[in-house]
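For reference, the chains in residue letters:
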Amino acid sequence: MASTLRSSAVAIVLERLHTRADDEDELAAQRVRAREAETGARLPQAQRYELYGQAPLAITREVGQLLYLLARSGRAQRIVEFGCSLGVSSIYLASALRDRGGGTLVTSECDERKLGFARQNLADAGLVDLVELRAGDALHTLADIAGPIDLVFLDGRNDLYLPVLRLLEPHLSPLAMVVADLSAEDPDLIPYLEHVRDRTGYFSMTVPLDDGVELSTRERTDGCE
C-alpha cells in the first residue's frame, strides 16, 4: 500500500505549507532577534510568539518524515500534539494513522485563527476525520485527555514542554514515545531536557535533524526485559 504522504492531496498541501514556512519562518525569527537586540535581553516565550504572528513555525520535511515513521512503525493509536500551528506536523501524524487503519490525533493550538487554517489544511489533505482540534491553552484543553496515549509530540512554547508532559504522563501507555522539536540553545528547554534525560525516568536521545529532535520513552519499571 502506498503511503498517504505520497497521495496528491497530502503532497499538495504539504508543499504549499512548507513553501510558506520557507518564506515566513526566518522573517519571524528575525523580528524576534531585532527586538532582543533593542532590549538587550532574551524575550519571554509569550512575547516571542506575539512577534512570530501567523508564521507557520513549521517542522522541516525531514522532521515530518521522522514523525510519520515513528507513528506508523510504533503502532500508535492515540497521539497528542502540543502546538498545531497551521497543521504541518498534524498532517504527517494523521497520515501515519490513516496508513495504520485509523486512530485519533488530539492537537492543541492557542491561536484560534491558526487552528482554523489547520482545520482547512487537514480537510484539504483528506485527514480531518482523524484529528480532534482543541483551541486554547494546552494546560486547559488537554487536561481531560483520555488515555492511553501512544505518542506525544511537543512543538509549542518551549517553556511549556515540561508542564504539558507532566500533565500527560499519567495517561501514557507503557511503550509511549515522547517527541520534542528543539530550538538551538534555548534555556527554556533546560527543565524539559533534564526531566527526560533523568536515567531513572526516561531513556532519551537527540536526533540531529534541524535544531534537534529529542526522542524519549519511559523506562520499564515492572522488572521485565
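Each remark here, short or long, concerns the structure printed above.
Source: prediction; values computed, not measured. (Residues numbered from 1 in each chain as written. Predicted model: local features only at pLDDT ≥ 70, side-chain atom pairs only at ≥ 80, totals over all residues. Heavy atoms only, no water.)

K.L.:
Any chance you could explain the sheet that holds strand 3 (residues 131-135) here in plain terms?
P.N.:
Strands in a sheet are paired, the pairing made by backbone hydrogen bonds, and the direction either parallel or antiparallel. The mixed open sheet is built from seven strands, whose spatial order is 3-2-1-4-5-7-6. The sheet is open, and its two borders are formed by strand 3 and strand 6 (202-207), each paired with just one other strand. On average, each strand axis in the sheet is inclined to that of its neighbour by 15°, with strand direction left out of account. For strand 4 (residues 149-154) and strand 5 (residues 172-181), the ladder comprises five bridges, and the chain directions are parallel. Pairing of Leu 151 across the sheet is with Met 177, part of strand 5. The strands that helix 7 (residues 161-168) touches are strand 1 (78-82), strand 4, strand 5 and strand 6; relative to strand 5, the one it contacts most, it runs at about 165°. (Pairing = 2+ DSSP bridges. Helix = DSSP H or I, 4+ residues; strand = E, 2+ residues; numbered from the N terminus. Axes fitted to C-alpha atoms, helices over the stretch in contact; angles between N-to-C directions. Contact = heavy atoms within 4.5 Å.)

K.L.:
I tried to follow the side chain of His 195 on my own but got confused; where do I start?
P.N.:
Along the polypeptide, His 195 turns up in helix 8 (residues 190-196). By relative accessible area, which is 17% here, His 195 ends up buried. Not counting residues within four places of it along the chain, the set of residues in contact with His 195 comprises Leu 162, Leu 165, Arg 166, Glu 169 and Tyr 202. (Buried < 20%, exposed > 50% of the residue type's maximum accessible area, 1.4 Å probe, protein only.)

K.L.:
How do you make sense of unusual backbone geometry when you look at a structure like this?
P.N.:
Both trends apply: most residues other than glycine have a negative phi, and most peptide bonds are in trans. Pro 148 follows Gly 147 through a cis peptide bond whose omega is -5°. Here Pro 148 is to be found in the loop between helix 6 (138-141) and strand 4. The phi dihedral of Leu 57 falls on the positive side, at around 50°, and the residue is not glycine. Note on placement: Leu 57 falls in the loop between helix 2 (45-52) and helix 3 (61-73). In this structure, Arg 75 is a non-glycine residue whose phi angle is positive, near 60°. Take Arg 75: it is sitting in the loop between helix 3 and strand 1. Assessed through its relative accessible area of 60%, Arg 75 is described here as exposed.

K.L.:
Honestly, the nonpolar core in this entry has me stumped. Any pointers?
P.N.:
Side chains that are nonpolar tend, in soluble globular proteins, to be buried together. In this structure, Ile 79, Ile 91, Leu 93, Leu 127 and Leu 151 are the most contacted members of the largest nonpolar core, which totals 40 residues. Of all the secondary-structure elements, those providing two or more residues to this core are helix 1 (8-39), helix 3, helix 4 (88-100), helix 5 (112-124), strand 3, strand 4 and strand 7 (213-218). For this core, the leading source of residues is helix 4, giving seven residues. Not counting residues up to four positions away in its chain, the partners in contact with Leu 93 are Leu 67, Ala 71, Ile 79, Glu 81, Leu 105, Leu 151 and Phe 153. Counting 25 residues, the second-largest nonpolar core is a separate cluster that includes Tyr 161, Leu 172, Leu 193 and Tyr 202. (Core = buried A, V, L, I, M, F, W, Y, C linked by side-chain atoms within 4.5 Å.)

None of the figures reported here should be taken as evidence of function without further support.
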